Each structure stands twice: as structure tokens, then as C-alpha cells.
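Breakdown of the fold
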Amino acid sequence: MAQTIIGPDAAACAPGARGPAALVRVYGFKDREGNLRVQVYSDKPDEFLEKGKYLKRIQLPMTASGDMNVCMALPRFGEFSMVVLHDRDVNGKLSVSKDGVGFSGNPKLGLSKPDYDDAMFVARDGVTVVDVILNYRQGLFSVKPLVARRD
């Protein structure tokens, strides 16, 4: 069964929408606490994950279950990168010990931010689907998904 498309830009991902828009399908949640934040960045690698350099941000309360399918209207077609934060403690920033994080492209995470090229996606005609799996801290030095990646 299809999940509901949510967010203030939901109409931009409706059937027949011409875009540019990204349908961000987020999965692998640890629990349903807190908020979900989706941020999109430009095609400039030096601005990726830099404070205040995102193009757009959508923050929503967690849904009760299932994947969260967030629509984000984009300013144009082309290259972007995206970060998704499961802000479990609702403090507005990444708390490595508590929160989940994921990126477009689903790069393997270490103790530093991923490279722009590994998190980049291309928005083409219409609505571009971007699957994001969340990663949570497991043990002292490991950050990885709690569920298997979808192919």
C-alpha cells in the first residue's frame, strides 16, 4: 500500500506534477520520537552541510508508523544533495548519540561527513524519487542503518 505524501510541498509530488520536485522516501527509523528534518543543498560541494547554506528545509513531526514520504519542491532541475535528520530529542541539531541521519545516495557513514559526490542526486523532469535510509550510532564508533538497504 502506498504511503501518504506529506509536507507543505505535497502537491508538487502529486500524480502528474511537472516538477522540479524530490519525493524523499525515508525509512529505517529507530522509533517514532521527535521530528524529521529534510534539507536540500545546491550543487556547490563547498556548501554541502555548511551551517546556513541549505537551499530549503522542511521539518515535520514523526508519523505513527511506516516510511515517511516527504515532498520537497526544488528551485530548478539539476544537481543537489540532501540530508535527513531524525531529531529524536527535538533540539534542532544532530546529537550523534541519539539521533538518526541519512543522505541522498545513502553513502556509508564514518565519523566524518560524507563527500558531496557520494550524496549528490540529479533532479530530472517531473518528480525525482530519493530514497534515504537512516543511520544511528551503534557502539562507540559505528554509525549504520538498523535495517537492510533497499535496492
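These remarks concern the structure in this document. (Residues numbered from 1 in each chain as written. Predicted model: local features only at pLDDT ≥ 70, side-chain atom pairs only at ≥ 80, totals over all residues. Heavy atoms only, no water.)

**Side note on a nonpolar patch on the surface**
Taken together, the side chains of L111, L140 and F141 define a hydrophobic patch exposed on the protein surface, amounting to about 420 Å² of accessible area. Mapped onto the fold, L111 is located in the loop between β7 (100-103) and α1 (116-119). When its relative accessible area of 68% is taken as the criterion, L111 is described as exposed. (Patch = residues over 30% accessible without salt bridge, like charges linked within 9 Å, V, L, I, M, F, W, Y side chains within 5 Å. Areas by Shrake-Rupley, 256 points an atom, 1.4 Å probe, with all protein chains shown as cover. Salt bridge = Lys/Arg side-chain N within 4 Å of Asp/Glu carboxyl O. Helix = DSSP H or I, 4+ residues; strand = E, 2+ residues; numbered from the N terminus. Buried < 20%, exposed > 50% of the residue type's maximum accessible area, 1.4 Å probe, protein only.)

**Some points on the sheet that holds strand β1 (residues 5-6)**
Taken in spatial order, the four strands of this open sheet run β1-β5-β2-β9, and their pairing is mixed. The outermost strands of the open sheet, each flanked by one partner alone, are β1 and β9 (127-133). One ladder, built from six bridges, connects strand β2 (residues 21-27) with strand β5 (residues 68-73); its direction is antiparallel. The partner of L23 across the bridge, within β5, is C71. (Pairing = 2+ DSSP bridges.)

**A look at the layout of surface pockets**
If you add up the space inside the largest pocket, you get close to 670 Å³. Forming the boundary of the largest pocket are 32 residues, of which L49, V83, L94, V101 and F103 lie nearest the centre. Counting residues per element, the ones that place at least two in the lining of the largest pocket are β3 (35-41), β6 (78-87), β7, β10 (135-138) and β11 (142-145). Split by residue class, the lining of the largest pocket holds 17 nonpolar, seven polar and eight charged. (1 Å grid on protein atoms, 1.4 Å probe; cavity = no way out; pocket = protein on both sides within 12 Å on 5 of 7 lines; lining within 4 Å. Points joined across faces, edges and corners; volume = space filled by probe spheres on them. Nonpolar A, V, L, I, M, F, W, Y, C, P; charged D, E, K, R; others polar.)

**Points about unusual backbone geometry**
In the segment running from G19 into P20, the intervening peptide bond is cis, with an omega of 5°. Mapped onto the fold, P20 is located in the loop between β1 and β2. Of note, the phi angle at L49 is positive, near 70°, even though the residue is not glycine. With respect to the helices and strands, the residue L49 is situated in the loop between β3 and β4 (56-61). For L49, a relative accessible area of 24% gives the class partly exposed. Of note, V90 is a non-glycine position whose phi angle comes to about 50°, a positive value.

**Examining the side chain of S81**
In this structure, S81 sits in strand β6. Since its relative accessible area comes to 0%, S81 is described here as buried. Setting aside its immediate chain neighbours within four residues, S81 contacts Q39, V40, Y41, S42, F48, S104, Y116, A119, M120 and F121. (Contact = heavy atoms within 4.5 Å.)

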